[in-house]
Amino acid sequence: MTAEDDGLFALPEADDTLPGPSEAATGSAPADAPLAVRMRPRSLDEVVGQAHLLRSGAPLRRLAEGGEATSVLLYGPPGTGKTTLARLMAAVAARRFVALSALTSGVKELRDVMNGARRRRDGQGRRTVLFIDEVHRFSKTQQDALLGAVEDGLLLLVAATTENPSFSVVSPLLSRLLVLQLRLLGEEDVRELLRRAVKDERGLGGAVSLTPEAEDVLVRLAAGDARSALTALEASADGVSGTGGTVVDVPAVERAVAEATVRYDRQGDQHHDVVSAFIKSIRGSDPDAALHYLARMLVAGEDPRFIARRLVVHASEDVGLADPTALQTALAAAQTVQLIGMPEARLALAQATVHLATAPKSNSVIVGIDEAMSDVRAGAVGEVPAHLRHSRYTGARELGNGIGYRYPHRAPEGVLEQQYPPGDLVDRDYYRPTRHGAERDLHERLTRLRRVVRGEER
């Protein structure tokens, strides 16, 4: 169902009189609507946050004030104002506003909107603004269906997504849109919203008061999400009013809101951001930050096997032989996840996280294997030296295989001079240990080994 069908953004259609600002977009919500809906800004001046997009002359402000017609993609976390800003664009005179949700709409609904937009443009000279929420949930075919209408200006598209558009929106459509990134609200922005909602007649109308301590808790729980803040406030106020009280304090908030919403989508942008921060905190030797990001993943329901796999990988990538026991710890954590499961496995994951974060660091292993593979891909393979080739089959000796091979265990130190790599790669050092942790001793030992093997120590 489109907004045209349900009357949400209904505007006169039959006559040629162009309406002023749409009351449906900027008017009051029903009294029984959720607090977040009732407190939705009615003008740009009421919008809190996003100053970088709404300053004088900014593209979004020009569009919302009826300036240049540019299709835009609003990209940002939930509760940052994407839908609100799209609704405000409906207030611009001479524009018809239609809303679709990618969750419930398909190509048929898109074609219906396009046909209506063509009739209005050709018959009345009116532009159509199409707002598509959760556009990343449209398939490639559905997104492609928008290309022509956006390209020739039939539709002024305002799309919204919580996902990184580089991964979730097809390139042809993305190239036709002005991408505007919305940011999480700051603490003072959330405080302003809460205080406004407590006093405003559209909100709680002063029926309750909010203690400073409770306000602090709500701000923290919201984590920059306006909708989450107002929803938590409404639940807290309802709980207080239900018992005849008028003061929303910390216990009232705690009763109403059991746990903060963790901003984390296992398939989306936050997934990649949190995992990236987790690994970089381990690499940067900050166990406290690493445990924070681990906790965010666990509370959000991330698959512990995924976390364990990342720890195993980075035990070699970031710690390596600077602490050979790191890989053992990571593997033990992965095995614990398999054998015991959650919630107990969180302890092993935390132990491995702290071990890796506090261990001496070396990326010599990954540098070495990547350089070796790069050389192989570039054609630096060469022939295996004859004395190293397999010689335990009939006729191998006649081919020269194995002739001249020297058995290292016959040398007093267990190492002797001998060529091992192909001729073109003699003296090529792939593994270069650092002076960190256990690699300090390994650096000295490897230096001596190479001198013997390469005949540099007589």
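This structure is a prediction, so every number in the text was calculated from the model and none was measured. (Residues numbered from 1 in each chain as written. Predicted model: local features only at pLDDT ≥ 70, side-chain atom pairs only at ≥ 80, totals over all residues. Heavy atoms only, no water.)

(A) Region of the structure containing the overall build of the protein. In terms of helices and strands, the protein carries 22 helices and seven strands. Relative to its full complement of 458 residues, the protein shows a buried share of 45%. Across the protein, the fraction of contacts at a sequence separation of at least 24, relative to all contacts at a separation of at least 6, is 72%. (Helix = DSSP H or I, 4+ residues; strand = E, 2+ residues; numbered from the N terminus. Buried < 20%, exposed > 50% of the residue type's maximum accessible area, 1.4 Å probe, protein only. Contact = heavy atoms within 4.5 Å.)

(B) Examining helix α14 (residues 226-242) more closely. Compared with an ideal rise of 1.5 Å per residue, which puts 17 residues at 24 Å, α14 spans 24 Å between its outermost C-alpha atoms and is within 8% of the ideal. Listed in full, the buried residues belonging to α14 are Ala 226, Ala 229, Leu 230, Ala 232, Leu 233, Glu 234, Ser 236, Ala 237 and Val 240. Buried residues in α14 make contact with α3 (35-38), α12 (187-199), β6 (209-210), α13 (212-222), β7 (247-248) and α15 (250-256). A positive phi of about 85° marks Gly 244, the residue just after α14. (Expected span 1.5 Å × (residues − 1).)

(C) Just the sheet that holds strand β1 (residues 72-75), in detail. An order of β2-β3-β4-β1-β5 is seen for the five strands of this open sheet, with the pairing classed as parallel. Two strands lie at the open edges of the sheet, namely β2 (95-101) and β5 (178-181), each paired on one side alone. Here the average twist between neighbouring strands, direction ignored, is 20°. Bridge analysis of β1 against strand β4 (residues 155-161) gives four bridges, and the strand direction is parallel. Looking at β4, one finds that Leu 73 is bridged to Ala 159. Relative to β2, helix α7 (residues 107-124) is tilted by about 180°, and along the sheet it contacts β2, β3 (127-133) and β4. (Pairing = 2+ DSSP bridges. Axes fitted to C-alpha atoms, helices over the stretch in contact; angles between N-to-C directions.)

(D) Fine view of the side chain of Asp 375. Within the element layout of this structure, Asp 375 appears in helix α21 (residues 364-377). Among the residues examined, Asp 375 registers a relative accessible area of 18% and is labelled buried. Beyond its immediate sequence surroundings of up to four residues, Asp 375 is in contact with Ala 380, Leu 425, Arg 428 and Tyr 430.

(E) Layout of the packing of helix α18 (residues 304-319) against helix α20 (residues 345-358). Where α18 meets α20, the closest approach of the two axes is 11 Å, and the angle between their N-to-C directions is 20°. One way to sum up the angle between α18 and α20 is to call them roughly parallel. α20 is crossed by α18, and the crossing has left-handed handedness. Of the residues in α20, those in contact with Pro 304, Ile 307, Ala 308, Leu 311, His 314, Ala 315 and Val 319 of α18 are Leu 349, Ala 352, Thr 353 and Leu 356. For the contact of α18 with α20, the class distribution of residues is nine nonpolar, two polar and no charged. (Parallel < 35°, antiparallel > 145°, perpendicular 65-115°, else oblique. Left-handed = near helix turned anticlockwise from the far one by under 90°. Nonpolar A, V, L, I, M, F, W, Y, C, P; charged D, E, K, R; others polar.)

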